[in-house]
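Fold and geometry: a report
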Amino acid sequence: MSAWNDFNDAEQQQSFDLIPKGTAARVRMTIKPGGHDDAEQGWTGGYATQTFDTGSIFLACEFIVLEGNYARRKMWSNIGLHSSKGPAWANMGRTFIRAALNSSRNVHPQDNSAQATAARRIQGFHEIDGLEFVARIDIEKDGRGELRNVVKIAVEPDQPDYLRPGAPSTQSAPNYQTPSPANNAAPSSAQPARPAVSGKPSWAQ
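This write-up is about the structure you can find in this document.

Conventions and cut-offs
- Residues numbered from 1 in each chain as written.
- Predicted model: local features only at pLDDT ≥ 70, side-chain atom pairs only at ≥ 80, totals over all residues.
- Heavy atoms only, no water.
- Helix = DSSP H or I, 4+ residues; strand = E, 2+ residues; numbered from the N terminus.
- Contact = heavy atoms within 4.5 Å.
- Buried < 20%, exposed > 50% of the residue type's maximum accessible area, 1.4 Å probe, protein only.
- Phe/Tyr/Trp six-rings, centres within 6.5 Å; stacked < 30°, edge-to-face > 60°.

**Observations regarding the environment of Lys 141**
In this fold, Lys 141 is placed in strand S6 (residues 131-141). What Lys 141 contacts, discounting residues up to four positions off in sequence, is Glu 146 and Leu 147.

In structure tokens form, the structure reads like this:
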């Protein structure tokens, strides 16, 4: 055991080049809780974050690459929920979550069957905290003008690089088959608090 105050045998820092723009990688998304709740919107459990300066509301998300050459690399991006400037940012956030659910749950984006529509419903943000899916990695400048990797797009099952080595495992993406038409029961309005409860997800019940 090295002396606590002798760092000569500590490992040197590693410098990481950016992951190339457009790289598809399987990631796990986790939400950093911001403590903002709005029961009327269904935002409970303390997942959402609200900024003090603009009042914008978002999910502060961390994405970790699960496998391949960039395994364990982390990225951070926000998913918009509300902006005082208009609905565009929230609509972008909804589009991203829909695509991430399709990717994770192996649902074709054009499938509007009963099972597919149920797979795109969540009872709370706890269902996407820890979601695994295939993401397309992008590059943008941060607030200091430095380049960083971000996640803005989920790779869905109809895209060529979805069915590749490292696509979601059967645990996170069940073997999806189009069922016969059926009526779905309305999702429960109950909102579990953190941490998420274990058990079968609502869309698969």
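**Here's the deal with unusual backbone geometry**
Of note in the backbone geometry, Arg 72 takes a positive phi value of approximately 75 degrees without being a glycine. Despite not being glycine, Asn 106 shows a phi value in the positive range, around 55 degrees. Relative to the helices and strands, Asn 106 is located in the loop between helix H1 (88-105) and helix H2 (114-119). We classify Asn 106 as partly exposed; its relative accessible area is 23%.

**Regarding the packing of aromatic side chains**
Here the structure, examined in full by the defined rule, presents 5 aromatic pairs. Arranged with centres 6.5 Å apart and planes meeting at 70 degrees, the rings of Tyr 47 and Phe 125 form a pair that is edge-to-face. A residue pair is termed long-range when its members are at least 10 positions apart, and Tyr 47 in strand S3 (residues 43-50) and Phe 125 in the loop between H2 and S6 qualify at 78 residues. This pair shows no difference in class: Tyr 47 is buried, exactly as Phe 125 is. Note on Phe 63 and Phe 133: the rings are 6.4 Å apart at their centroids and 90 degrees apart in plane angle, and the pair reads as edge-to-face. On the criterion of sequence distance, the pair formed by Phe 63 in strand S4 (residues 57-65) and Phe 133 in strand S6 is long-range, its members being 70 residues apart.

**Section: the environment of Gly 55**
Structurally, the position occupied by Gly 55 is in the loop between S3 and S4. Residue Gly 55 is classed as partly exposed on the basis of its relative accessible area of 21%. The sequence separation of Gly 55 and Ser 84 amounts to 29 residues, and the corresponding C-alpha distance is 7.1 Å. Other than its neighbours up to four places away in sequence, Gly 55 contacts Gln 50 and His 82.

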